[in-house]
Amino acid sequence: MSKPSEQSNVGLSYRKDFLDAFFTNVVKYDTVQLTGAFRLGSFEPSFGYLLRTEQYSGDLSRDDILNRFSAGLRYYASEASSIELGMWWQERASSDVSVEYDDISTFLTYDFVY
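Conventions used here
- One numbering rule holds for all chains: residues counted from 1, following each sequence as written.
- Only residues with pLDDT of 70 or above have their local features reported here, since the model is predicted, and side-chain atom pairs are shown and tallied only from 80 upward, although totals for entire chains, interfaces and linings are computed over all residues.
- Side-chain numbers come from the whole structure's heavy atoms, not from hydrogens or water.
- Strand pairing is assigned whenever DSSP identifies at least 2 bridges connecting the two strands.
- Under the scheme used here, helices are H or I runs from DSSP no shorter than 4 residues and strands are E runs no shorter than 2 residues, and both carry numbers assigned from the N terminus.
- Lines fitted to the C-alpha atoms define the axes, with helices restricted to the stretch that makes contact. Angles between their N-to-C directions range from 0 to 180 degrees.
- Here, a salt bridge means any Lys or Arg side-chain nitrogen found within 4 Å of an Asp or Glu carboxyl oxygen.
- Relative accessibility under 20% of the residue-type maximum defines a buried residue, over 50% an exposed one, and the middle range a partly exposed one, all with a 1.4 Å probe and only protein chains included.
- When the centres of two rings from Phe, Tyr and Trp lie within 6.5 Å, Trp using its six-membered ring, the rings pair. Their planes under 30 degrees apart give stacked, over 60 give edge-to-face, and anything left gives tilted.
- Put simply, a charge is over a ring when the Lys NZ or the Arg CZ is close to the ring centre, within 6 Å, and near the line of the ring normal, within 35 degrees.

S.K.: How should the pairing of strand β2 (residues 24-37) be read in this particular structure?
M.R.: In regular strands, side chains alternate between the two faces of the sheet. Taken together, the 13 bridges between strand β1 (residues 9-21) and β2 define a ladder with antiparallel strand orientation. If you follow Lys-16 over to β2, its bridge partner there is Asp-30. Looking at chain direction, β2 and strand β3 (residues 43-57) are connected through 12 bridges and run antiparallel. Residue Thr-35 lies in a different strand from β3, and its bridge partner there is Gly-48. Counted along the chain from β2 to the antiparallel partner β3, the turn is 5 residues long, and its residue Gly-41 has a positive phi close to 65°.

Rendered as structure tokens:
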């Protein structure tokens, strides 16, 4: 089995911020994100997880929680080209049930670098 190369990475981040919103005065949010990718020979599995809490204040008030998970597998056909197959799932839970949802998506990409 191949050892992970120097191209492997793991990241953990936290962000606290706010945004103006057109339907309320302000959205305050806290985000924690974990990402990683590990190159093993010609293959590179990757993952990501995001957790975000949102507090809407103003004309509209509600609290939301956003969960997002992603995973992918990239195959390097050469140093100049690769193919990736992946998916992500996202869920929004809210104190206002009319905005709650689950969303699943898959993707296939081809990259060519010259």
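Next comes the rest of the write-up.
S.K.: Looking at this structure, I do not really get the sheet that holds strand β5 (residues 81-94). What am I missing?
M.R.: Where strands meet in a sheet, backbone hydrogen bonds hold them as pairs that are either parallel or antiparallel. Here 6 strands make up an open sheet; going across it, the order is β1-β2-β3-β4-β5-β6 and the pairing antiparallel. Edge strands, defined here as strands with exactly one partner in the open sheet, are β1 and β6 (101-112). If you compare each strand with its neighbour and ignore which way they point, the axes differ by 15° on average. Of the pairings in the sheet, the one linking β5 to β6 comprises 12 bridges and is antiparallel in character. Paired with Met-87 across the strands is Thr-106, a residue of β6.

S.K.: Is there a simple way to think about the pattern of salt bridges in this case?
M.R.: What the rule picks out here adds up to 9 salt bridges. Across the salt bridge formed by Asp-17 and Arg-15, the nearest N and O atoms sit 2.7 Å from each other. Between Arg-92 and Asp-64 there is a salt bridge, and its shortest N-O distance comes to 2.9 Å. In this pair, Arg-92 is assigned in strand β5 and Asp-64 in strand β4 (residues 62-76), connecting sequence segments 28 residues apart. Residue Arg-92 is classed as buried on the basis of its relative accessible area of 13%. A residue is classified by how much of its surface remains accessible, and Asp-64, at 2% relative accessible area, is buried.

S.K.: When you look at the packing of aromatic side chains in this model, what are you seeing that I'm missing?
M.R.: Two aromatic rings are characterised by how far apart their centres lie and by the angle between their planes. Counting across every chain of the model gives 3 aromatic pairs. Between Phe-38 and Phe-47, the ring centres sit 6.2 Å apart and the planes meet at 20°, which makes this aromatic pair stacked. The partly exposed category is assigned to Phe-38, whose relative accessible area is 30%. Ring geometry for Phe-43 versus Tyr-75: centroids 5.1 Å apart, planes at 45°, classification tilted. On the criterion of sequence distance, the pair formed by Phe-43 in strand β3 and Tyr-75 in strand β4 is long-range, its members being 32 residues apart. Residue class for Tyr-75 comes out partly exposed when judged on its relative accessible area of 36%. It is Arg-52 that lies over the ring of Tyr-29; its NZ or CZ is 4.6 Å from the centre.

Interpretation in functional terms is not warranted from these geometric data alone.
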